Amino acid sequence: MMMSTAPAPTAAAALQALAATPPERGDYRNAMARLGAAVNVITTDGPAGRAGFTASAVCSVTDEPPTLLVCLNRSASVYPIFQANGVLCVNVLGAGQQQLSNLFGGKTPMDERFAAAEWQMSRSGVPVLAEAAAAFECRVVNRTEVGTHDVLFCEVDAVRLGNAAHGLVYFDRRYHDLLPQAAAH
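Residues numbered from 1 in each chain as written. Predicted model: local features only at pLDDT ≥ 70, side-chain atom pairs only at ≥ 80, totals over all residues. Heavy atoms only, no water.

## Here we look at the overall build of the protein chain
Then comes step 1: Within the protein chain, the secondary structure is distributed over 6 helices and 12 strands.
Then comes step 2: Rg of the C-alpha trace for the protein chain: 20 Å, well past the compact-globule value of 16 Å for 185 residues, more than 25% over.
Then comes step 3: Considered along the principal axes of its C-alpha atoms, the protein chain spans approximately 75 × 45 × 35 Å.
Then comes step 4: The buried share of the protein chain, reckoned over its 185 residues, is 32%.
Then comes step 5: For the protein chain, the share of sequence-separated contacts (at least 6 apart) that also reach a separation of at least 24 residues comes to 63%.
Then comes step 6: Carbon and sulfur atoms provide 57% of the accessible area of the protein chain, an area that totals close to 11,300 Å².
Then comes step 7: If you average the places of the 13 positive and of the 16 negative side-chain charges in the protein chain, the two averages end up 6 Å apart. (Helix = DSSP H or I, 4+ residues; strand = E, 2+ residues; numbered from the N terminus. Rg over C-alpha atoms; globule rule 2.2 N^0.38 Å. Buried < 20%, exposed > 50% of the residue type's maximum accessible area, 1.4 Å probe, protein only. Contact = heavy atoms within 4.5 Å. Areas by Shrake-Rupley, 256 points an atom, 1.4 Å probe, with all protein chains shown as cover. Lys, Arg positive; Asp, Glu negative; His and termini not counted. Charge placed at Lys NZ, Arg CZ, Asp CG, Glu CD.)

## Overview of the nonpolar core
In a soluble, globular protein the nonpolar side chains are often hidden away together inside.
Then comes step 1: Ranked by size, the top nonpolar core spans 21 residues in total, and within it Ile-42, Phe-53, Phe-82 and Leu-88 carry the most contacts.
Then comes step 2: For this core, the secondary structure elements donating two or more residues are strand 3 (51-55), strand 5 (66-73), helix 3 (79-85), strand 6 (87-92), strand 9 (134-146) and strand 10 (149-161).
Then comes step 3: Setting aside residues no more than four positions away along its own chain, Ile-42 makes contact with Ala-51, Gly-52, Phe-53, Ala-55, Val-58, Val-70, Phe-82, Leu-88, Cys-89 and Val-90. (Core = buried A, V, L, I, M, F, W, Y, C linked by side-chain atoms within 4.5 Å.)

## Some points on the layout of surface pockets
Then comes step 1: Empty space within the largest pocket amounts to approximately 1,400 Å³.
Then comes step 2: Considering the residues around the largest pocket, the lining is formed by 32 residues, among which Arg-29, Thr-54, Ser-56, Ala-57 and His-149 are closest to the centre.
Then comes step 3: Among the secondary structure elements, those contributing two or more residues to the lining of the largest pocket are helix 2 (25-32), strand 3, strand 5 and helix 4 (98-105).
Then comes step 4: Here the element with the most residues in the lining of the largest pocket is helix 2; it accounts for 4 residues.
Then comes step 5: Quantified by volume, the second largest pocket comes out at close to 210 Å³.
Then comes step 6: Listed by contribution, the elements that provide at least two residues to the lining of the second largest pocket are strand 8 (127-129), strand 9 and strand 10.
Then comes step 7: Residues belonging to the lining of the second largest pocket are distributed by class as follows: 9 nonpolar, 4 polar and 2 charged. (1 Å grid on protein atoms, 1.4 Å probe; cavity = no way out; pocket = protein on both sides within 12 Å on 5 of 7 lines; lining within 4 Å. Points joined across faces, edges and corners; volume = space filled by probe spheres on them. Nonpolar A, V, L, I, M, F, W, Y, C, P; charged D, E, K, R; others polar.)

## Looking at the sheet that holds strand 4 (residues 58-63)
Then comes step 1: Reading across the sheet, the 7 strands line up as 3-2-6-9-10-5-4 and stay open at both edges, with antiparallel pairing between neighbours. Each edge of the sheet is formed by a strand with only one pairing partner; in this case those strands are strand 3 and strand 4. Within the sheet, the average angular offset between the axes of one strand and its neighbour, ignoring direction, is 30°.
Then comes step 2: With 12 bridges joining them, strand 9 and strand 10 adopt antiparallel strand pairing. In the sheet register, Thr-144 faces strand 10, and the bridge partner there is Val-151.
Then comes step 3: With respect to the sheet, helix 4 is in contact with strand 2 (40-44) and strand 3, its orientation differing from that of strand 3 by roughly 115°. (Pairing = 2+ DSSP bridges. Axes fitted to C-alpha atoms, helices over the stretch in contact; angles between N-to-C directions.)

## Things to note about the sheet that holds strand 1 (residues 37-38)
Then comes step 1: Read across the open sheet, the 3 strands follow the order 1-11-12; overall the sheet is antiparallel. Here the strands that pair on one side only, and so sit at the sheet edges, are strand 1 and strand 12 (174-178).
Then comes step 2: Of the pairings in the sheet, the one linking strand 11 (residues 167-171) to strand 12 comprises 5 bridges and is antiparallel in character. Note on strand 12: the bridge partner recorded for Tyr-170 is Tyr-175.

## Thoughts on the pattern of salt bridges
Then comes step 1: Tallying each qualifying case throughout the model produces 7 salt bridges.
Then comes step 2: Residue Arg-74 pairs with Asp-150 through a salt bridge whose shortest N-O separation is 3.1 Å. With Arg-74 in the loop between strand 5 and helix 3 and Asp-150 in strand 10, this pair connects stretches of sequence that are 76 residues apart.
Then comes step 3: For Arg-74, a relative accessible area of 28% puts it in the partly exposed group.
Then comes step 4: Look at Asp-150 and you get buried, because its relative accessible area is 2%.
Then comes step 5: Glu-137 is the salt-bridge partner of Arg-160, the closest N and O atoms lying 3.0 Å from each other. Of the two residues, Arg-160 is situated in strand 10 and Glu-137 in strand 9; the sequence distance between them amounts to 23 residues. (Salt bridge = Lys/Arg side-chain N within 4 Å of Asp/Glu carboxyl O.)

Laid out in structure tokens, this is it:
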């Protein structure tokens, strides 16, 4: 039996080798399609105007202080408006709100987007979707540039819960309604 005298690769060496060969963009995007995510409409209003966009790149950072992160592409038409206003609302969409997601995710003019639903104004002046499953009214407290996007760290000033417990997720490049167990049967 022959014994190898070559040293075993260390974890650091293995990580360095992985970093040298990132995945192909298409492979990464296909894998991300398998990462289901809540669908949200992010809205703002203020000195720079009113705007909104659809996002699934939203998550909790911490509950002390309550903070979310929202990813926003710097090439998006709404980017300068969100940057200037500094406040936003994360409106969590519920089952059956795919059309609203599509409106805010496309090239539809802003007035038409907002005309498609009922909105309430928060204390900070951001539009809150009346029929949202949940809404988080926030102040942007920090930004970090990563690749093509800014990661907005948003401190939550108020939370509103909708009347029904239901959700909308995006998985495998399609919408899926999430309904309570009793309603699903």
